Amino acid sequence: MAATSNVTEIIFLGFSQNQGAQKVISVLFLLLYVAILLGNGLIVVTIMAGKGLTSPMYLFLSYLSFAEICYCSVTAPKLILDSFMERKVISLKGCITQIFFLHFFGGTEIFLLTLMAYDRYVAICKPLHYTVVMNRRACGLLVGAAWGGGLLHSVGQTVLIFQLPLCGPKVLDHYFCDVHPVLKLACSDTFLISMLIITNGGSISVVSFTGLLASYVVILRSLRTQTSEGRRKALSTCASHLAVVALFFVPCSFVYMRPCVTLPADKIVAVFYTVVTPLLNPVIYSFRNAEVQNALRRLMGRKGSWEEK
């Protein structure tokens, strides 16, 4: 692309051109980013160190938390630093790299959320077969498939963008590089590329979201045969999972499952799936979970005993 492109760097407009507003936005995103790192990092450490958190659900949750940290780290640090810069610039190679990792970790997160829904389906609807179906080897293969699926999705999106000649203007009305804004810089017909991008991103979203909804519909139907206590626990778990799914899939669908045009609202919508979802993941999935709370207390108690020694 470098041989046919007149663009060597890209300028972000960000959220505001006002220096004072930029500083406030930077501090706000810094606090949110630190909370995401601490919350999701604590989940990963707690599950890895907790002897009682060995079920497949916690394995998937630890990888989801790790993916959330990586996903947010693709965009948040750059935004925070750019707020103190007069020119918010990224090189063309840096822009393509950002697109690659954004879709890699985002695609992986989608597949992990789907795996967690499948795990809950087997646990609630087929409890006698759970240990056989979700054995250690099967879980390892499913996690590997999730990361592999995210990689294939990302490579597809990046290759489609990488082959486009870019002529400018070299300004993006956004705070990070993504496929739709970058398409506006192309100096060739992008209709076919845009259709392939929508197909790639849209097919993953539609198939995963359909699988998620199907799992939860079957789960809810099966609750009629459960005890009142079993129904309460299952509904609590499903409600938490559906909240995360809605916060992630609805904004993603708004951005990626439409013709390749950019809207003023895209920046705000992007905050939901790049910042808000990773921020709420520890609260929705883990800190309301009694087993995770107990494991966290044991971890903190162990740390306190080490400090006394």
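Residues numbered from 1 in each chain as written. Predicted model: local features only at pLDDT ≥ 70, side-chain atom pairs only at ≥ 80, totals over all residues. Heavy atoms only, no water.

The chain is annotated in an unreviewed UniProt entry as Olfactory receptor from Bos indicus. Note on the chain: under the UniProt heading Sequence similarities (unreviewed entry), the record states "Belongs to the G-protein coupled receptor 1 family." Its UniProt record gives the chain the following Function (unreviewed entry) comment, quoted word for word: "Putative odorant or sperm cell receptor." (UniProt positions renumbered as here; feature names shortened; annotations may be inferred.)

Colleague: It is not clear to me how the state of the cysteines should be interpreted in this structure. Could you clarify?
Modeller: The bond known as a disulfide is covalent and runs between the sulfur atoms of two cysteines. Tallied over the full model, the rule gives two disulfides. Put simply, Cys95 and Cys177 are joined by a disulfide, and their sulfur atoms are 2.1 Å apart. Between Cys95 and Cys177, the S-S dihedral sits near -120 degrees, and the bridge is therefore left-handed. Of the two residues, Cys95 is situated in helix 3 (residues 92-125) and Cys177 in the loop between strand 3 (171-172) and helix 6 (179-183); the sequence distance between them amounts to 82 residues. Here Cys95 and Cys177 have matching classes, each one buried. One disulfide in the model links Cys167 with Cys187; its S-S distance is 2.0 Å. Across the S-S bond of Cys167 and Cys187 the torsion is about 60 degrees, and the bridge reads as right-handed. A residue pair is termed long-range when its members are at least 10 positions apart, and Cys167 in the loop between helix 5 (136-162) and strand 3 and Cys187 in the loop between helix 6 and helix 7 (191-222) qualify at 20 residues. For Cys167, a relative accessible area of 36% puts it in the partly exposed group. (Disulfide = S-S within 2.5 Å. Helix = DSSP H or I, 4+ residues; strand = E, 2+ residues; numbered from the N terminus. Buried < 20%, exposed > 50% of the residue type's maximum accessible area, 1.4 Å probe, protein only.)

Colleague: What's the story with the side chain of Asn200 in this structure? I'm lost.
Modeller: Residue placement: Asn200 occurs in helix 7. Those residues in contact with Asn200 that sit more than four places away from it in its chain are His153, Gly156 and Gln157. (Contact = heavy atoms within 4.5 Å.)

Colleague: What exactly am I supposed to notice about the layout of surface pockets here?
Modeller: Gaps left between atoms show up when a probe the size of a water molecule is rolled over them. Of the voids in this model, the second largest pocket is the one considered here, and its volume is about 370 Å³. Lining the second largest pocket are 17 residues; nearest its centre among them are Thr54, Leu59, Ser62, Tyr63 and Arg136. Those elements that place two or more of their residues in the lining of the second largest pocket are helix 1 (19-49), helix 2 (56-82) and helix 5. Considering each element in turn, the lining of the second largest pocket owes the most residues, five residues, to helix 2. Partitioned by chemical class, the residues of the lining of the second largest pocket number eleven nonpolar, five polar and one charged. (1 Å grid on protein atoms, 1.4 Å probe; cavity = no way out; pocket = protein on both sides within 12 Å on 5 of 7 lines; lining within 4 Å. Points joined across faces, edges and corners; volume = space filled by probe spheres on them. Nonpolar A, V, L, I, M, F, W, Y, C, P; charged D, E, K, R; others polar.)

Colleague: I keep staring at the nonpolar core and nothing clicks. Help me out?
Modeller: As a rule of thumb, soluble globular proteins bury nonpolar side chains together. Counting residues in each nonpolar core, the largest one holds 84 residues, and the members touching the most others are Ile10, Ile161, Cys177 and Tyr273. The element that contributes the greatest number of residues to this core is helix 3, accounting for 15 residues. (Core = buried A, V, L, I, M, F, W, Y, C linked by side-chain atoms within 4.5 Å.)

Colleague: Help me understand the pattern of salt bridges, please; the structure alone is not making it clear to me.
Modeller: Pairing between side chains of opposite charge can happen when their charged atoms approach one another. Evaluated as defined, the whole model comprises five salt bridges. The shortest N-O distance in the salt bridge between Asp119 and Arg120 comes to 2.8 Å. With respect to class, Asp119 is no different from Arg120; both count as buried. Between Lys267 and Asp173 there is a salt bridge, with the nearest N and O atoms lying 2.8 Å from each other. Here the residue Lys267 occupies a position in helix 9 (residues 266-287), and Asp173 occupies one in the loop between strand 3 and helix 6, the gap between them amounting to 94 residues. (Salt bridge = Lys/Arg side-chain N within 4 Å of Asp/Glu carboxyl O.)

Colleague: Explain the UniProt feature "transmembrane region" (unreviewed entry) in the chain here, please?
Modeller: According to UniProt, the positions carrying the feature "transmembrane region" (unreviewed entry) are residues 24-45, 57-76, 96-118, 139-162, 191-218, 238-256 and 268-287. Secondary structure over residues 24-45 splits into 100% helix and 0% strand, and the C-alpha atoms at its two ends are 31 Å apart.

Colleague: Please explain helix 5 as it appears in this structure.
Modeller: Along its 27 residues, helix 5 runs 39 Å from first to last C-alpha, staying within 8% of the 39 Å computed at 1.5 Å per residue. For helix 5, the capping residue at the N-terminal end is Asn135, with a side-chain oxygen 3.1 Å from the backbone nitrogen of Arg137. (Expected span 1.5 Å × (residues − 1). Polar contact = N/O pair within 3.5 Å; in protein donor to acceptor, adjacent residues only side chain to side chain.)

Colleague: I would appreciate a short explanation of the pairing of strand 1 (residues 9-12) in the present structure.
Modeller: The side chains of a regular strand alternate between the sheet's two faces. Both strand 1 and strand 2 (residues 89-91) contribute to a ladder of three bridges, which runs antiparallel. Bridged to Ile10 within strand 2 is Ile90. Two elements, strand 1 and strand 3, share two bridges in a ladder whose sense is parallel. Paired with Phe12 across the strands is Leu172, a residue of strand 3. (Pairing = 2+ DSSP bridges.)

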